[in-house]
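Coordinate analysis (summary)
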Amino acid sequence: LDTFRAGYTSRNWGPQIFIAPQFTRVAEMYNPSRMSYWKSPESLPPKKHLIGLALVHDSMLHSCFGLDQNEEFAIMDRFGWDDALVFHPYWQQRMAAFTNGTPETVESIYERPERLMLVPLNNTPEARSLELNIQTGKLGLPVNFTLTDEHNGQKYQVKNGRLVLPMAPYSFRMLSADKGK
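Okay, the environment of R78 next. Mapped onto the elements of the fold, R78 is located in helix 5 (residues 70-79). On the accessibility criterion, R78 (52% relative accessible area) is exposed. As for R78 and H151, which are separated by 73 residues in sequence, their C-alpha atoms are 12 Å apart. Dropping the residues within four chain positions of it, R78 is found in contact with R115 and E150. Of note is the side chain of R78, whose polar atom sits 3.4 Å from the side chain of E150.

Next up, the structure:
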C-alpha cells in the first residue's frame, strides 16, 4: 500500500495521475500464451484488486487493455462524483477503522453533504471477517443504520457503529449510506 500511495496518489503531486494498465497489451506483445487468461473470468480478481487500490487512494485508472470499470463508473455516477465530493484517505481519516485488521486492511471514505461511501480494501491473500468501527457522529450518521453494497445490492446493518464485514482476498467494496437514515 505504501508504494501505491507514494507513486500513484495525485494529492502527493498535484496533477491528476492516470494509471494505464496493460493487461492485454503487454501479454499480446511479450507473452501471447497469457492472453487467454487476461480475457477469461479468472482474471477478474486481480483486475478488481487494482480498481480497489485506485479507489482507496483516489487515483484514476484508464479502462483500457483488458480493464473494464464500467460497473464502478456507474456506481460513481449514481453516487455523485463532482466538486461536492470530499475524499478522506485511509492514512488520514479517523472516522472508520477495522478493529481486527492489519496494516493491509484499510478503509477510505468518499463523502457528500447528503451521503457517504465507505471503501474497505482487504489487501491480503486471505479471506477475512473484519470488524468495522464507525464514528457515526463524526460522519453525520445515526448509531444504527444500513450500508448498501453498490456492486450487488446487499444490505449490511450497522449496530452501535459496528459492522462485521466478510472480505474476500485482495477485494474491496463500495458501501453507501444516506446521512440521517
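Here the narrative resumes.
Here the focus is the pattern of salt bridges. In a structure, side chains of opposite charge can pair up when their charged atoms sit close to one another. Taken as a whole, this structure holds 10 salt bridges when the rule is applied. Note that E150 and R78 form a salt bridge whose closest N and O atoms lie 3.4 Å from each other. Here the residue E150 occupies a position in the loop between strand 8 (145-149) and strand 9 (155-158), and R78 occupies one in helix 5, the gap between them amounting to 72 residues. The class of E150 is buried, set by a relative accessible area of 18%. Residue R112 is joined to D82 by a salt bridge in which the shortest nitrogen-to-oxygen separation is 2.7 Å. One end of the pair, R112, is in the loop between strand 5 (105-111) and strand 6 (115-122); the other, D82, is in the loop between helix 5 and strand 3 (86-88), and 30 residues separate them in sequence. Given a relative accessible area of 10%, R112 falls into the buried group. We classify D82 as partly exposed; its relative accessible area is 42%.

Rules used throughout
Residues numbered from 1 in each chain as written. Predicted model: local features only at pLDDT ≥ 70, side-chain atom pairs only at ≥ 80, totals over all residues. Heavy atoms only, no water. Helix = DSSP H or I, 4+ residues; strand = E, 2+ residues; numbered from the N terminus. Buried < 20%, exposed > 50% of the residue type's maximum accessible area, 1.4 Å probe, protein only. Contact = heavy atoms within 4.5 Å. Polar contact = N/O pair within 3.5 Å; in protein donor to acceptor, adjacent residues only side chain to side chain. Salt bridge = Lys/Arg side-chain N within 4 Å of Asp/Glu carboxyl O.

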